[in-house]
Amino acid sequence: MNHPNPHPAPDSAVQPGGASQWQIATLGTARLDSPLKPLIEARERSENYVDESDLVLVDDVLSTACERGVPVEQLPGLEPGGPRRKIFFDPSKLRAAIVTCGGLCPGLNNVVRGVVDELWWQYGVRRIHGIRNGYEGFIASYGHEVLDLTPASVRGIDEQGGTVLGTSRGQQDPEEVVDCLERLGIGVLFVVGGDGSMRGALRIASVVAERGLKISVVGIPKTIDNDIPFIDHSFGFQTAFARAAETIRSVVVEARSTPHGVGLVKLMGRHSGFIAAYAALARNDADFVLVPEVPFGLDDDADGRPGLLSLVQQRVAERGNAIVVVAEGAGQDLVPGEGVDASGNAVLGDVGRYLRRRLLDSFAEAGRPVNLRYVDPSYAIRSVPANGYDAVFCLRLAHAAVHAAMAGRTAMVVGRWHGRFVHVPTELAISRRNVVDPHGDLWLSVLEATGQPPRIG
């Protein structure tokens, strides 16, 4: 689908603003239909899809754009992260606390160590507390101790998976949490967690504001599913999909080593299929990738469009094996849910085991042999230490969070957007979920790599 370009490049070599150096040379007019035309025309404009007639702006910083002499209207923007020339808190009198909440994720200990070291060595803060077991640690009735954290006590924890502070799911009364902060004399609270934890942090910041207290609440978003908006990606995601890709490799070996082999891998991704998509691309051996954002059917539809069961059988008949990668939140219209968890999140139906049963039944009904291997590595993936990339990213996020808090920022999370560390208002960070765009370049790459049709069933 072509969209009108608000700033079309003229036929000459000069683009708007005199930026002729950005012009790309061509060999001539392209006249032949591409084999990818059906995929391209099925896409719709979105923030993750740049049409070929559009332009991607070179400058992502307002001041740089202004220096070019280009007229600039008022644009939305995020405050850049990093150290400030002036800070709000007196380090010699400050008490800080850090809490980790929600499910495990690679890199939690890296963030804890990064925050402690930056506070201690760069700002001279000597009273740093670790809150045990998530938001429960603030509530007196649970009886969890408060830890004193120093560079010595956190040395080496980044080599371990999990979190040395412990974690828990579920919200606690923000009034009681702020009561605890007051009793401890906390001036800065760092919350490491996902969208539910950030919602809790925002409620805590609201109570702090209602009481007229000077307590900074800064979030470091943690979601292995990569579903926090307005940040390029969340920490732990790179480690997770790299480990998931290794699982896919093992299943591929199994499927190709037996006649009529089918490999089925269920990966994390309640609402967003980023891990499934990236892991499948990293191995480039999957035949079908199923994500929550793209509905699919198991049986052939009324128009004769083949469903997943037929497609898998066809792929096995053609190639001798097939690999299916499914995110845990995919196909939830096919399986019954199981209530809600302590955080109020829906407990998803087990789509992996359901697909395993349906695939086996379909091959049996068709009278075809099959050797199916099913793997769910979710807990093994989320509990591992961060890889090198995520270790660096966690440390830099920790630094950015400390800089923001010491400057008096609050009700915000740190992240990276367009490659720059930024401050994102917490309310904005929980306003929606970051999802795989069915019309974006990532999903198009999945379709190209797998060869699966844009619609299944």
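Residues numbered from 1 in each chain as written. Predicted model: local features only at pLDDT ≥ 70, side-chain atom pairs only at ≥ 80, totals over all residues. Heavy atoms only, no water.

The next thing to look at is the overall build of the chain. Within the chain one finds 14 helices and 12 strands. Against the globule reference of 23 Å for 457 residues, the chain gives a C-alpha radius of gyration of 25 Å, in line with a compact fold. Reported as C-alpha extents along the three principal axes, the dimensions of the chain are approximately 70 × 60 × 35 Å. Taking all 457 residues of the chain together, the buried fraction comes to 47%. Within the chain, residue pairs in contact and separated by at least 24 positions form 76% of the contacts whose partners lie at least 6 positions apart. (Helix = DSSP H or I, 4+ residues; strand = E, 2+ residues; numbered from the N terminus. Rg over C-alpha atoms; globule rule 2.2 N^0.38 Å. Buried < 20%, exposed > 50% of the residue type's maximum accessible area, 1.4 Å probe, protein only. Contact = heavy atoms within 4.5 Å.)

Summed over all chains, the structure comprises nine aromatic pairs. With a centroid separation of 6.4 Å and an interplanar angle of 85°, the aromatic rings of F237 and F274 are classed as edge-to-face. Of this pair, F237 sits in helix α7 (residues 237-256) while F274 sits in helix α8 (residues 274-283), and the two are 37 residues apart along the sequence. Accessibility assignment for this pair places F237 and F274 in one class, buried. (Phe/Tyr/Trp six-rings, centres within 6.5 Å; stacked < 30°, edge-to-face > 60°.)

Let's shift gears to the sheet that holds strand β12 (residues 420-425). Reading across from one edge, β1-β12-β11-β6-β5-β2-β3-β4 is the order of the eight strands in this open sheet, with mixed pairing throughout. Bordering the open sheet on either side are β1 (79-80) and β4 (146-149), each of which pairs with just one other strand. Pairing between strand β2 (residues 95-100) and strand β3 (residues 127-131): five bridges, direction parallel. In the strand pairing of β3, I98 is matched with G130. (Pairing = 2+ DSSP bridges.)

The next subject is the packing of α8 against helix α14 (residues 441-450). At a minimum axis distance of 10 Å, the contact between α8 and α14 shows a crossing angle of 45°. Between α8 and α14, the angle falls in the class oblique. The handedness of the crossing between α8 and α14 comes out as left-handed. Seen from α8, the contacting residues are F274, A277, Y278 and L281; seen from α14, they are L442, S445, V446 and A449. (Axes fitted to C-alpha atoms, helices over the stretch in contact; angles between N-to-C directions. Parallel < 35°, antiparallel > 145°, perpendicular 65-115°, else oblique. Left-handed = near helix turned anticlockwise from the far one by under 90°.)

With that out of the way, let us pick up unusual backbone geometry. Positioned with a positive phi, N284 is a non-glycine residue whose angle comes to about 55°. The exposure class assigned to N284 is partly exposed, which follows from its relative accessible area of 47%. You will see that H418, though not glycine, has its phi angle at about 55°, which is positive. With respect to the helices, strands and loops of the structure, H418 is situated in the loop between β11 (412-417) and β12.

Turning next to the nonpolar core. It is characteristic of soluble globular proteins that their nonpolar side chains tend to be buried jointly. One finds F190, F235 and L267 to be the most contacted residues of the largest nonpolar core, which totals 71 residues. With 10 residues, helix α12 (residues 388-406) is the single largest residue contributor to this core. In this structure L267 touches A244, I248, I275, A276, A279, V325, V326, A327, E328, P377, S378 and I381, once residues within four positions along its chain are discounted. With 29 residues, the next largest nonpolar core counts I131, A201, V217 and V424 among its residues. (Core = buried A, V, L, I, M, F, W, Y, C linked by side-chain atoms within 4.5 Å.)

The next point concerns the sheet that holds strand β10 (residues 371-375). Strand pairs in the sheet, formed through backbone hydrogen bonds, run parallel or antiparallel to each other. Strand order across the open sheet formed by four strands is β8-β9-β7-β10, with parallel pairing between neighbours. Lying at the two open borders of the sheet, with one neighbouring strand each, are β8 (288-290) and β10. Between one strand axis and the next, the sheet turns through 15° on average, direction left out of account. Direction of pairing for β8 relative to strand β9 (residues 321-327): parallel, over a ladder of three bridges. In the sheet register, V289 faces β9, and the bridge partner there is V325. This element, helix α9 (residues 308-319), spans β7 (261-267), β8 and β9 of the sheet and lies at about 145° to β9.

Among the secondary structure elements, L395 is positioned in helix α12. L395 gets classed as partly exposed once you look at its relative accessible area, which sits at 38%. Along the backbone, L395 and G107 are 288 residues apart, and their C-alpha atoms lie at a distance of 9.1 Å.

Relative to the helices and strands, D390 is located in helix α12. Although D390 is buried, it makes no salt bridge; R416 carries the closest opposite charge, 7.9 Å away. From its side chain, D390 meets the backbone nitrogen of Q238 in a polar contact 3.3 Å long. Among the polar contacts made by the side chain of D390, one reaches the side chain of T239 at a distance of 2.7 Å. Those residues in contact with D390, other than ones at most four positions away along the chain, are F235, G236, F237, Q238 and T239. (Lys, Arg positive; Asp, Glu negative; His and termini not counted. Salt bridge = Lys/Arg side-chain N within 4 Å of Asp/Glu carboxyl O. Polar contact = N/O pair within 3.5 Å; in protein donor to acceptor, adjacent residues only side chain to side chain.)

Quick look at α14 now. When we look at burial in α14, the residues that qualify are W443, L444, V446, L447 and T450. Along the axis of α14, the buried residues cluster in a sector spanning 155°; they form a single face. On its buried face, α14 sits against α1 (37-41), α8, β8 and α9. Phi for G451, located one or two positions after α14, is positive at around 80°. (Arc of directions from axis to C-beta.)

Moving on to the state of the cysteines. Scanning all chains against the criterion turns up zero disulfides. Its sulfur unpaired, C180 is 13 Å from the next cysteine sulfur, which belongs to C101. Judged by its relative accessible area of 8%, C180 is buried. (Disulfide = S-S within 2.5 Å.)

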